[in-house]
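# Results of the structural survey
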Amino acid sequence: MGTQEFNRSSIRVRFAPSPTGYLHIGGLRTALYCYLFARSQGGHLVLRIEDTDRTRFVADAENDIAQALWWCGLEVDEGPEQGGSYGPYRQSERQSLYVKYAESLVASGHAYYAFDSPDSIAALRKTNAAYGIGTRRQMDNSLTQSSDVVQRRLDAKEEHVIRLRVPENETVQFHDLIKGTVKVSSESIDDQVLIKSDGMPTYHLANVVDDHHMAISHVIRGDEWIPSTPKHILLYQMLGWQPPKMAHLPLILSPTGGKLSKRSAERQGIPINVRDYRARGFEPEAVVNFLAFLGWNPGSEDEVFGLKDLEQVFSLERVGSAPAQFDLNKLNWFNGQHLRRLDIEALANRALPFLEAHGIQGQDHRYLQEVCLLVRDRMEHAEDLSTRFSYCFVDPERFDLVGVKKRWKADAADLVRGYVDRLEAIKSFGEETLERELRTLAEERGVGAGRIIHPVRLAVSGTTAGPSLFALLHVLGRDTCIRRLRKAVHLLG
């Protein structure tokens, strides 16, 4: 797609979540793309809380949204807490505005009052593709009754809604910055409810009114909103307003295909809510980096970006239209890359709460930093110190059975015992001395060094893989190494 020119001084993008649950990872990607586009264009990011669905309202969801954005470093220019010239920024505080425009649409003939019962609507939908052009004349609404009758019913406060009056035999068209030109026949569009029976607006009306009144220049949202966009275009036309530019982001697919739903994510061990990524110890920079690549690429081989780097290189032109597949292994890889960007003190501080949660407490901070230096290049998560590398803090409770079968040969106990004897005799416990003593022993016994290296590693760590053996022995220290080696000889024989 060709380069799109924008007026940098008037770029206004909004992230408009509904507080009907905690912010999920797909919502965070939308927020990220909105943020990156706004920053890359020198524009403003608006946070608008679309809280008109009171039946599904979750009390602490708005705070969860704010915390998720803060955790990822996505600073908002205007919003419920930040304020701004276009507030209020909660739709529940803007209700009179929506009713005003809904009534104006009724007056202009672009909307109507509908008194249909839920049962009659349900029956209609069984036999018709849409509530609209072909069926509205059959229903109980202001299009089939005199104005006097309608007014009496309104005065009597009969339950009703206001519906959009979709025009007949028209093609609704809009240009999407990612998808290209989208055309939809008006015959397939519902006479959408604009004001519900409780007086609250639906998403469609509130969305259009707020985007206009908040001077939003670009609407960046998920692919799932494309079917709703023709309704929004009609509303813009009926109200005489210029619609913002539209950009619909590609779907996020689960690793096995299909949309990444809560159920599919849980089944595959993928956290679905942003708060779960925080709880699991993911680095916010890694989550941001990973999400940026779910649908976008920088046009180079570079993969590891900080948020400020992304602000410099992001463009909507490089967002693809094809669905993007969630890859948890790739996210873990990104997490490891960003962990290694931390200095050792910061890495140690990241790991400390996880160590304490696993019962590994009272660690000397200097020793903790030494362990971080030792295993940093092998870590993917801060929690790895208390799981994969717990042997750096506590004696292994068991030995890898496959490793024992493969590495603990008939002469292993004797070779390890000989190495322990040498460790007890040496004065220096430096890496060079540890390696020299092992290789000298191997030469004296007429075996390859690996015949000692592998069982020694198994004895001190319980595993067959890890950092440099001699660096590990040096960090563990003389007493710990001798104790573990003798214990392994006793247990494995």
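In case you missed it, the structure is sitting above this.
This write-up is about the structure you can find in this document. (Residues numbered from 1 in each chain as written. Predicted model: local features only at pLDDT ≥ 70, side-chain atom pairs only at ≥ 80, totals over all residues. Heavy atoms only, no water.)

## Details of the packing of aromatic side chains
Cut-off, in case you're wondering: Only the six-membered ring of Trp is used, alongside the rings of Phe and Tyr, when aromatic pairs are assigned; centres must lie within 6.5 Å, and planes under 30 degrees apart are stacked while those over 60 apart are edge-to-face, with the rest tilted. Numbering of helices and strands runs from the N terminus, with a helix taken as a DSSP run of H or I at least four residues long and a strand as a DSSP run of E at least two residues long. For each residue, the accessible area found with a 1.4 Å probe, counting protein chains only, is set against the maximum for its type, and the residue is called buried under 20%, exposed over 50%, and partly exposed in between.
Counting across every chain of the model gives 14 aromatic pairs. Where Y203 meets W225, the ring centres are 4.3 Å apart and the plane angle is 25 degrees; that geometry is what we call stacked. Of this pair, Y203 sits in helix α6 (residues 203-213) while W225 sits in the loop between β8 (218-222) and α7 (229-239); the two residues are 22 residues apart in sequence, bridging distant segments of the chain. Exposure remark for Y203: the relative accessible area of 17% places this residue in the buried category. Ring geometry for Y277 and F282: centres 5.3 Å apart, planes at 50 degrees, overall tilted. The same class applies to Y277 as to F282, namely buried. Grouping aromatic residues by their ring pairs yields a cluster made of Y33, F290, F293, W296, F305, F314, F326, W333 and F334.

## Re the packing of helix α18 (residues 450-461) against helix α19 (residues 469-476)
Rule in force here: To define axes, lines are fitted to C-alpha atoms, for helices over the stretch in contact only, and angles between the resulting N-to-C directions are given on a 0 to 180 degree scale. Each helix crossing is assigned a hand: it is left-handed if the near helix lies turned anticlockwise from the far helix by less than a right angle, otherwise right-handed if that turn is clockwise. Contacts between residues were defined by any pair of non-hydrogen atoms, one from each residue, lying within 4.5 Å. Residues were grouped as follows: Ala, Val, Leu, Ile, Met, Phe, Trp, Tyr, Cys and Pro as nonpolar; Asp, Glu, Lys and Arg as charged; and all remaining residues, including Gly, as polar.
At a minimum axis separation of 11 Å, α18 and α19 run at an interaxial angle of 35 degrees. By crossing handedness, the relation of α18 to α19 is classed as left-handed. Here I453, V456, R457, V460 and S461 of α18 come into contact with α19, specifically with L469, F470, L472, L473 and L476. Class assignment for the residues of the contact of α18 with α19 results in eight nonpolar, one polar and one charged.

## A closer look at the sheet that holds strand β4 (residues 161-164)
Filter applied, for reference: Two strands are said to pair when DSSP picks up at least two bridges between them.
Within the open sheet, the three strands sit side by side as β3-β4-β7. Their pairing is antiparallel. The two strands at the open ends of the sheet, each matched to only one other strand, are β3 (111-114) and β7 (193-195). Averaged over all pairs of adjacent strands, the angle between strand axes in this sheet comes to 40 degrees, irrespective of strand direction. Pairing of β3 with β4, which is carried by four bridges, proceeds in the antiparallel orientation.

## Section: the layout of surface pockets
Over the atoms, a rolling probe the size of a water molecule traces out where space has been left empty. Quick reminder of the rule: The way it works is a 1 Å grid over only the protein atoms, where trapped points that fit a 1.4 Å probe form a cavity and open points with protein on both sides within 12 Å along at least five of seven lines form a pocket, and then any residue with an atom within 4 Å of a point lines it. Grid points are joined across faces, edges and corners, and a volume is the space filled by probe spheres set on the points.
Considered as a void within the structure, the largest pocket measures approximately 1200 Å³ in volume. S18, H24, G27, E224 and W225 are the residues nearest the centre of the largest pocket, which is lined by 42 residues in total. Those elements that place two or more of their residues in the lining of the largest pocket are β1 (12-15), α1 (25-40), α6 and β8. Here the lining of the largest pocket takes five residues from α1, the largest share from any one element. Residues that form the lining of the largest pocket fall into these classes: 17 nonpolar, 14 polar and eleven charged. Computed from the structure, the second largest pocket encloses a volume of approximately 240 Å³. Considering the residues around the second largest pocket, the lining is formed by L47, E62, N63, A66, L69, W70, L74, E75, V76, P80, E81 and Q82. In terms of residue count, the dominant contributor to the lining of the second largest pocket is helix α2 (residues 61-72) (five residues). Among the residues forming the lining of the second largest pocket, the class breakdown is seven nonpolar, two polar and three charged.

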